[in-house]
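These are the residues of each chain, in order.
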Amino acid sequence: MRNRFANVVDAVMLACLVCGVFVPVMALDFGSVPFSDERKRRDAQEEATRIQESVQLLDMAAREGEPQAMVLPGMISDVGFPVKRDLDRAIGWYVKAAKTQYGKAWLPLAFAYAEMGDDVQAGFWFEKAAGLYRETNAEDVLVMVFGARYLADYIGKDQFAERQEINIKRLMWLEGLAASGDPVACSMMATVYREGLGVKKDVRRGDFWCKKAVTTNREGMVVERFCY
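Our subject in this report is the structure included herewith.

Basis of the calculations
Numbers given to residues run from 1 along each chain, matching the order in which its sequence is written. Local features in this predicted model are restricted to residues of pLDDT 70 or higher, and side-chain atom pairs are both shown and tallied only at a pLDDT of 80 or more, whereas totals for entire chains, interfaces and linings draw on every residue. Hydrogens and waters are ignored; side-chain quantities use all the structure's heavy atoms. Runs of H or I in DSSP of at least four residues are treated as helices and runs of E of at least two as strands, each being numbered from the N terminus. To estimate the expected span of a helix, count its residues, drop one, and scale the result by 1.5 Å. Only protein chains enter the accessibility calculation, which uses a 1.4 Å probe. A residue is then buried if its area is under 20% of the maximum for its type, exposed if over 50%, and partly exposed in between. Note: the arc covers the axis-to-C-beta directions of the helix. Here a polar contact is recorded for every N or O atom pair within 3.5 Å, except that within protein the pair must consist of a potential hydrogen donor and a potential acceptor, and residues adjacent in sequence are included only if both atoms are side-chain atoms. As used in this record, nonpolar core signifies buried Ala, Val, Leu, Ile, Met, Phe, Trp, Tyr and Cys residues forming a set joined through side-chain atoms within 4.5 Å. Note on contacts: a residue pair qualifies if any of its non-hydrogen atoms lie within 4.5 Å across the two residues. For this document, the term salt bridge refers to a Lys or Arg side-chain nitrogen within 4 Å of an Asp or Glu carboxyl oxygen.

## Re helix α10 (residues 203–216)
An ideal rise of 1.5 Å per residue puts 20 Å on 14 residues; α10 measures up with 20 Å between its terminal C-alpha atoms. If you check which residues of α10 are buried, you get Gly206, Trp209, Cys210, Ala213 and Thr216. All buried residues of α10 fall inside an arc of 140 degrees around its axis, so they share one side. Opposite the buried face of α10, at more than 90 degrees from it, the exposed residues are Arg204, Lys211 and Thr215. For α10, the capping residue at the N-terminal end is Asp202, with a side-chain oxygen 3.4 Å from the backbone nitrogen of Arg204.

Structure (structure tokens):
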């Protein structure tokens, strides 16, 4: 049973992190989606059914204690799509996953606490996440934090603008850490700007933070793989 759940979780997480699809078809509101022809509409309905079934298994996996499955409901609540945004609920799921020592829950949890204004908890979880980042340069966790650009096709302009404001607030917090000389924060800033995660893509600005990450790196962090 655990292996089956793990496969489902991996599949849905891959869609979220690599394709940037925060389960958009879960809304199942096909009347609001502009399909060019009936075939596209039918294909979308079939895909929605498949993902809906996967999400149901995902919920079962979360209840069984699968940490990846716990993170995804947190992401959905954090992003606010297809459900109403609920940062407290998101933190609750992130904490459950984090307590299992699932490292990819630590960074979203840090930023969620930072947004709530709890700098103590934000700093604690960022430091734990930094250890993972030093070893792997895990850019995919930043997609979980700065994912607004992937939502543009699925949410209204007002909600998208609200998400961008949230990302700017989170970026300001990260930039404060980077400006103080934290090499992990510098490397994350480089990734955010080079990839355009939640902000307008700016390679030159990304290069600036990349160089700062290298010059401040005294802890063996793997920044060179991304920077050069």
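Alright, that's what it looks like, and here's the rest.
## Details of the nonpolar core
In terms of nonpolar packing, the biggest core is built from 55 residues, with Leu107, Phe126 and Phe146 touching the most fellow members. When near neighbours in sequence (up to four residues on either side) are disregarded, Phe126 contacts Leu107, Ala110, Trp173, Leu174, Leu177, Asp182, Val184, Ala185 and Met188.

## Remarks on the pattern of salt bridges
Close approach of charged atoms allows side chains of opposite charge to pair. In this structure the tally under the stated criterion is 6 salt bridges. Among the ionic pairs, Asp78 bridges to Arg85, the shortest N-O distance being 3.1 Å. With a shortest N-O distance of 3.0 Å, Arg170 and Asp78 are connected by a salt bridge. Of this pair, Arg170 sits in helix α8 (residues 157–179) while Asp78 sits in helix α3 (residues 67–79), and the two are 92 residues apart along the sequence. Salt bridges sharing partners connect three or more residues here, namely Asp78, Arg85, Glu115 and Arg170.

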